[in-house]
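Descriptive analysis of the structure
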2 protein chains.
Amino acid sequence: MSKGLPKRSEDYSLWYNELVKKAGLAENSAVRGCMVIKPYGYAIWEKMQRVLDDMFKATGHENAYFPLFVPKSLFEAEEQNAEGFAKECAVVTHYRLQTDPDKAGKLRVDPNARLEEELIVRPTSEAVIWNTYKNWIQSYRDLPLLINQWANVVRWEMRTRLFLRTAEFLWQEGHTAHATAEEAIAETEQMLEVYATFAEQYLALPVIRGLKTPNERFAGALETYCIEGLMQDGKALQAGTSHFLGQNFAKAFDVKYATKDGGLEHVWGTSWGVSTRLMGALVMAHSDDEGLVLPPKLAPIQVVIVPIYKGEEQLAQISEKVNQLKRELLAKGISVKFDDRDTERPGFKFAEWELKGVPVRIAIGARDLENGTAEVARRDTKEKSTQQFATLADYIPALLDEIQENIYSKALNYREEHTTKVDSYEEFKQVLETKGGFILAHWDGTPETEERIKEETKATIRCIALNTPEEDGVDMVTGKPSKRRVYFAKAY
Amino acid sequence: MSKGLPKRSEDYSLWYNELVKKAGLAENSAVRGCMVIKPYGYAIWEKMQRVLDDMFKATGHENAYFPLFVPKSLFEAEEQNAEGFAKECAVVTHYRLQTDPDKAGKLRVDPNARLEEELIVRPTSEAVIWNTYKNWIQSYRDLPLLINQWANVVRWEMRTRLFLRTAEFLWQEGHTAHATAEEAIAETEQMLEVYATFAEQYLALPVIRGLKTPNERFAGALETYCIEGLMQDGKALQAGTSHFLGQNFAKAFDVKYATKDGGLEHVWGTSWGVSTRLMGALVMAHSDDEGLVLPPKLAPIQVVIVPIYKGEEQLAQISEKVNQLKRELLAKGISVKFDDRDTERPGFKFAEWELKGVPVRIAIGARDLENGTAEVARRDTKEKSTQQFATLADYIPALLDEIQENIYSKALNYREEHTTKVDSYEEFKQVLETKGGFILAHWDGTPETEERIKEETKATIRCIALNTPEEDGVDMVTGKPSKRRVYFAKAY
């Protein structure tokens, strides 16, 4: 197959879009800003969901489902949150269509079916969930309340990109309530660590764990924690956030609990989420000019086997050996596809599976049959080797682990090479233009300076990393004193 | 705990609503007609999803995700479908809110952010999916296209009931495209059989497999297949539908494929779905005045163990034995909860787990410790027996199978006792009023007679069962000839 994929070095943005479409992950739909997630892309998302869901349950959370719509009066209740999302809300105003009297065969909104109160399509569910929690929480015995929801949300975006920024996206949103601020903060930090573990161990994406500046906080939160990864074009991508909500939502929705000693207190809240944006991170962090490079732990197909044969008899001989191997690998939990299509040549198949990022490709031909061998090709390094067929059932699982690790190491090396300490604004701008990546610089802690740097360079403070040692310094722009370097980058 | 549950015999409808709420399955939300699915209810839904999803994949289907919104012009394209759903559509007309200039702290729809084209919140996704298929299908090599989607949909209902009829509900919708009518019909029938198998083997609900009359067909389908179950109040419930769409959507959206011999043909379609309505069926088919009765295969907790102890030392002894048993049962894939809360008495716990329908309850007290025994109680028959503790790890799995089977048999017996052949309209009305259930009667095949019976008795034709033998007879109302009895019932 001809991939027709642009090179990353020539047009990274176009490469990304074309790759997402050509590899069968997603495409634009007829609905402005909304995407269709295609079967191969959805299969990866399902793997992500399964792993994350297990991690949420292992930390004591349960799933539930809350309404898609938020009545305007509820949406308004927490003011900061409402203000933060008001500009990007899809609003349902009517509940019926009727035949258009002026246009044959067409429908129009029925003017007599206007809702008394408009419904907002949820951009996030704090309002509708906290309004429910009011009835679920009476006493300290009801706490902590640890709930997660898998859902679609809508945020009206003017400029959209597949997976990274779409009007509708899929996500999970955790919403928890606690008796004390300390417990809520511990939950916020725990879930950040769950996300970081997922990113590093499954996405193979090293991430910086940190706090957002007040400017970049979730609307309605007292503190927003985040994980930030670095893409191959030197831009950062926020891969997950976990918010300490304080008592903001508890107060807005009057959620109180009877304490052990007979008092009545507002509860403390958190919320945390990751979305189909992770699909974008996965693509941009690892893939190359030939196509996707999927970490084995998230690859829907981990091993593809391509027979190279002349005639039915050879195919039958190869198939017999392959089916045996397939059974052995499946028994070890490895997903294998035997691509015995007779409509395509091996070269076409190689290119197709390369494009789709299958971690390991095995090819078996007539000579291999004679020699008891097979050719094993890694997607990540493109290395090929000849292996004894009889040892493959042991060799492949170890190879998949090695590939998972190698993809992570490569991303980590890239990040380390693209993390620069700078002490002057000149150097900052120069590094940003030439090399990109994360820039560690001192900041005076004011929103004004942050804003100025953003306007002048398009770089934002990605986070104040957790557990960074104090270091006396001066803000590179204002010269004011600073206690700590923060992470700057241009970002998605 | 005091359950405060009404009796089925007194008010079946109230019993259902209260049970759904008190057992923690779902509750009404602040959003008109929309429900909150609570963690225990959602856990059952997740089990249903997992089983169905595996069945779909085993029959060659892949999951994908399509937009929540349908632009009006797409929605209109297949006229019958549009007409069928127009009266229950939620419509998005605006994409932004703004501060209300007249009311401090309030928001209003921004009059300058009106959409050029209204967006319908999907009541079903044929339109948006077939519009996509147009680009996915070019040649016979692209067929069959076998896709499923798990999603939320919205149908504006004036009178709603938890799970059975809600404005928003969760479902899966399969949408397939085929080269020939025969293949599409085979797919439609295959998926009906998947649903019937799921209903019978997992929900423990015997179902009639049949065809809907033209009146009751899905809007835009040439044929609608359905499965119909019988609830304990003698009313029928449609538990799943599978539609043969013919070429209606292919023509509306211009989906053609190049045939092997160089022709160009419209493809043939199917769609099929089951929803959170199945939760309602599950509750109404099996539960009793004490609470839920869950079939073991769908119960989130299959076994609950309640210790009966005085003092820490006894609890420690019991816990040690229980933890060993728990490990053994978990290894066999059985979910076990050890309810060692020290805040509630055993009687309270018994009542709570009864309400929640846990299939098996094990109680262990001081005398059991001495004797090496345990008390085992079945939720379905309420039988209790004393068992040797050492044999429980073998006894329990067999017992769960027996319970699953017994719940099914009980429902099947009920259905058989409540299926009546009648030959006169008088008898029909009398059976309907006194006994309810399915009534097998001759029908002349006209929509007029069907409509008249519906108006006069509220009973509808549930289906024309598949594989029923021909039988000469006359319509009980009109006296016109009939070749076959059909299933009538009052229905949810």
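Residues numbered from 1 in each chain as written. Chains lettered and ligands numbered in written order. Predicted model: local features only at pLDDT ≥ 70, side-chain atom pairs only at ≥ 80, totals over all residues. Heavy atoms only, no water.

As annotated in an unreviewed UniProt entry, chain A carries the name Proline--tRNA ligase and is attributed to Pontibacter anaerobius. A UniProt comment under Sequence similarities (unreviewed entry) is attached to chain A, and it reads "Belongs to the class-II aminoacyl-tRNA synthetase family. ProS type 3 subfamily." Chain A has a UniProt comment under Subunit (unreviewed entry) that states "Homodimer." (UniProt positions renumbered as here; feature names shortened; annotations may be inferred.)

This paragraph deals with the packing of aromatic side chains. Taken as a whole and judged by the stated rule, the model has 36 aromatic pairs over all chains. Aromatic pair A:Phe56 and A:Tyr195: ring centres 6.4 Å apart, planes at 80°, arrangement edge-to-face. Note that A:Phe56 is positioned in helix H2 (residues 39-58) and A:Tyr195 in helix H6 (residues 181-201), a separation of 139 residues in sequence. Classification of A:Tyr195 as buried rests on a relative accessible area of 1%. Among the aromatic residues, those joined into a cluster by ring pairs are A:Trp45, A:Phe56, A:Trp150, A:Tyr195 and A:Trp272. Lying over the aromatic face of A:Phe389, A:Lys321 brings its terminal NZ or CZ to 4.6 Å of the ring centre. When the ring centre of B:Tyr40 is taken as reference, the NZ or CZ atom of B:Lys356 above it lies at 4.2 Å. (Phe/Tyr/Trp six-rings, centres within 6.5 Å; stacked < 30°, edge-to-face > 60°. Helix = DSSP H or I, 4+ residues; strand = E, 2+ residues; numbered from the N terminus. Buried < 20%, exposed > 50% of the residue type's maximum accessible area, 1.4 Å probe, protein only. Lys NZ or Arg CZ within 6 Å of the ring centre and 35° of its normal.)

When chain B is fitted to chain A, the best match, at an RMSD of 0.0 Å, comes from turning it 180° and sliding it 0.0 Å along the axis. Both chain copies can therefore be described as sitting about a two-fold axis. Of the C-alpha atoms belonging to chain B, the one lying closest to the rotation axis is found on B:Val92, 2.1 Å away. With an isologous cut-off of 70% or more, the 100% of interface residues of chain B that recur at the interface of chain A puts this contact in the isologous class. (Least-squares fit on C-alpha atoms with pLDDT ≥ 70 in both. Contact = heavy atoms within 4.5 Å.)

Attention shifts here to the domain arrangement of chain A. Interface size is often expressed as the accessible area that is lost when the parts come together. All names here are of chain A. Segmenting chain A into domains produces domain 1 (12-90 + 122-286), domain 2 (298-414) and domain 3 (420-489). With 22 residues of domain 1 at the contact, the number on the domain 2 side is 12 residues. Of the roughly 1500 Å² buried between domain 1 and domain 2 on both sides combined, carbon and sulfur atoms contribute 67%. Across the domain 1-domain 2 interface, the total number found is zero salt bridges. (Domains from an automatic or database assignment. Buried area = accessible area lost by both parts, 1.4 Å probe. Salt bridge = Lys/Arg side-chain N within 4 Å of Asp/Glu carboxyl O.)

Residue and element names in this part refer to chain A. Running from N to C, H2 and H6 cross one another at 145°; their axes reach a closest spacing of 11 Å. In the packing of H2 onto H6, the handedness of the crossing is right-handed. Taken together, the residues of H6 that come into contact with H2 (itself represented by Met-48, Val-51, Leu-52, Met-55 and Phe-56) are Met-191, Val-194, Tyr-195, Thr-197 and Phe-198. A per-class count over the contact of H2 with H6 returns nine nonpolar, one polar and no charged. (Axes fitted to C-alpha atoms, helices over the stretch in contact; angles between N-to-C directions. Left-handed = near helix turned anticlockwise from the far one by under 90°. Nonpolar A, V, L, I, M, F, W, Y, C, P; charged D, E, K, R; others polar.)

Okay, the interface of chain B and chain A next. Taken together, the 63 residues of chain B in the interface contact 63 residues of chain A. When the buried surface of chain B facing chain A is broken down by residue, B:Tyr65, B:Leu97 and B:Leu107 rank first, second and third, together holding 12% of it. Counting the contacts that link chain B with chain A gives four salt bridges. With a closest N to O distance of 3.2 Å, B:Glu46 and A:Lys57 form a salt bridge. For the side of chain B that touches chain A, the element with the most residues is helix H2 (residues 39-58) of chain B, which contributes six residues. In terms of strand pairing, strand S5 (residues 91-94) of chain A meets strand S5 (residues 91-94) of chain B through three bridges, oriented antiparallel. Following the sheet pairing, A:Val92 is matched in S5(B) by B:Val92. (Pairing = 2+ DSSP bridges.)

Residue and element names in this part refer to chain B. Strand order in the open sheet made by the 11 strands is S3-S9-S10-S16-S13-S12-S11-S24-S27-S23-S22, with mixed pairing throughout. Each end of this open sheet is capped by a strand with a single partner; those strands are strand S3 (62-63) and strand S22 (419-421). Bridge count between S22 and strand S23 (residues 438-442): three bridges; the pairing is parallel. Bridging across to S23, Thr-420 finds its partner in Ile-439. Where helix H5 (residues 126-136) meets the sheet, its contacts fall on strand S9 (145-154), strand S10 (168-178), strand S13 (236-246) and strand S16 (268-275), and the angle it forms with S10 comes to roughly 30°.

Bringing the pairing of strand S19 (residues 360-364) of chain A into the picture now. All names here are of chain A. Counting buried positions along S19 yields five of five residues, so the element is predominantly enclosed. Both faces of S19 are covered, namely the face carrying Val-360, Ile-362 and Ile-364 and the face carrying Arg-361 and Ala-363. The sheet contact formed by strand S17 (residues 303-307) and S19 spans five bridges and is parallel. Bridging across to S19, Val-303 finds its partner in Val-360. Direction of pairing for S19 relative to strand S20 (residues 373-378): antiparallel, over a ladder of four bridges. Each residue of the ladder has a partner; that of Ile-362, found in S20, is Val-376.

It is worth spelling out the nonpolar core at this point. Counting 101 residues, the largest nonpolar core has A:Phe69, A:Tyr133, B:Phe69 and B:Tyr133 as its most contacted members. Among all residues touching A:Tyr133, those that are not within four sequence positions of it are A:Phe66, A:Leu145, A:Ile147, A:His175, A:Ala177 and A:Val255. (Core = buried A, V, L, I, M, F, W, Y, C linked by side-chain atoms within 4.5 Å.)

The next subject is the environment of B:Leu119. Within the secondary structure, B:Leu119 is located in strand S8 (residues 114-121). Put simply, B:Leu119 and B:Lys72 are 47 residues apart on the chain and 5.8 Å apart in space, counted from C-alpha to C-alpha. Excluding its chain neighbours within four sequence positions, the residues that come into contact with B:Leu119 are A:Val31, A:Trp156, B:Phe69, B:Val70, B:Pro71, B:Ala90, B:Val91 and B:Val92.

Turning our eyes to something else, we now look at the UniProt feature "domain: Aminoacyl-transfer RNA synthetases class-II family profile" (unreviewed entry) in chain A. On the UniProt side, "domain: Aminoacyl-transfer RNA synthetases class-II family profile" (unreviewed entry) is annotated at positions that read residues 27-295 of chain A here. When the span residues 27-295 of chain A is considered, its composition is 29% helix and 32% strand, and the gap between its end C-alpha atoms is 22 Å.

This next bit is on the sheet that holds strand S4 (residues 69-71) of chain B. Spatially, S4(A)-S8(A)-S5(A)-S5(B)-S8(B)-S4(B) is the arrangement adopted by the six strands of the open sheet, whose pairing is antiparallel. With one partner strand each, in any of the chains shown, strand S4 (69-71) of chain A together with S4 of chain B form the two edges of the open sheet. Shown here is a sheet whose adjacent strand axes are inclined to one another by a mean of 45°, direction ignored.

On to helix H1 (residues 12-22) of chain B, then. Residues and elements named next belong to chain B. Regarding H1, the residues found buried are Tyr-12, Trp-15, Tyr-16, Leu-19 and Val-20. Down the axis of H1, the buried set is contained in an arc of 125°. They therefore lie on one face. The secondary structure elements touched by the buried residues of H1 are strand S1 (26-28), helix H8 (277-286) and helix H10 (346-355). Just downstream of H1 lies Gly-24, where phi reads positive at about 80°. (Arc of directions from axis to C-beta.)

Taken as a whole and assessed by the stated rule, the structure comprises zero disulfides over all chains. Left without a disulfide partner, A:Cys226 is nearest to the cysteine sulfur of A:Cys463, which lies 4.5 Å away. (Disulfide = S-S within 2.5 Å.)

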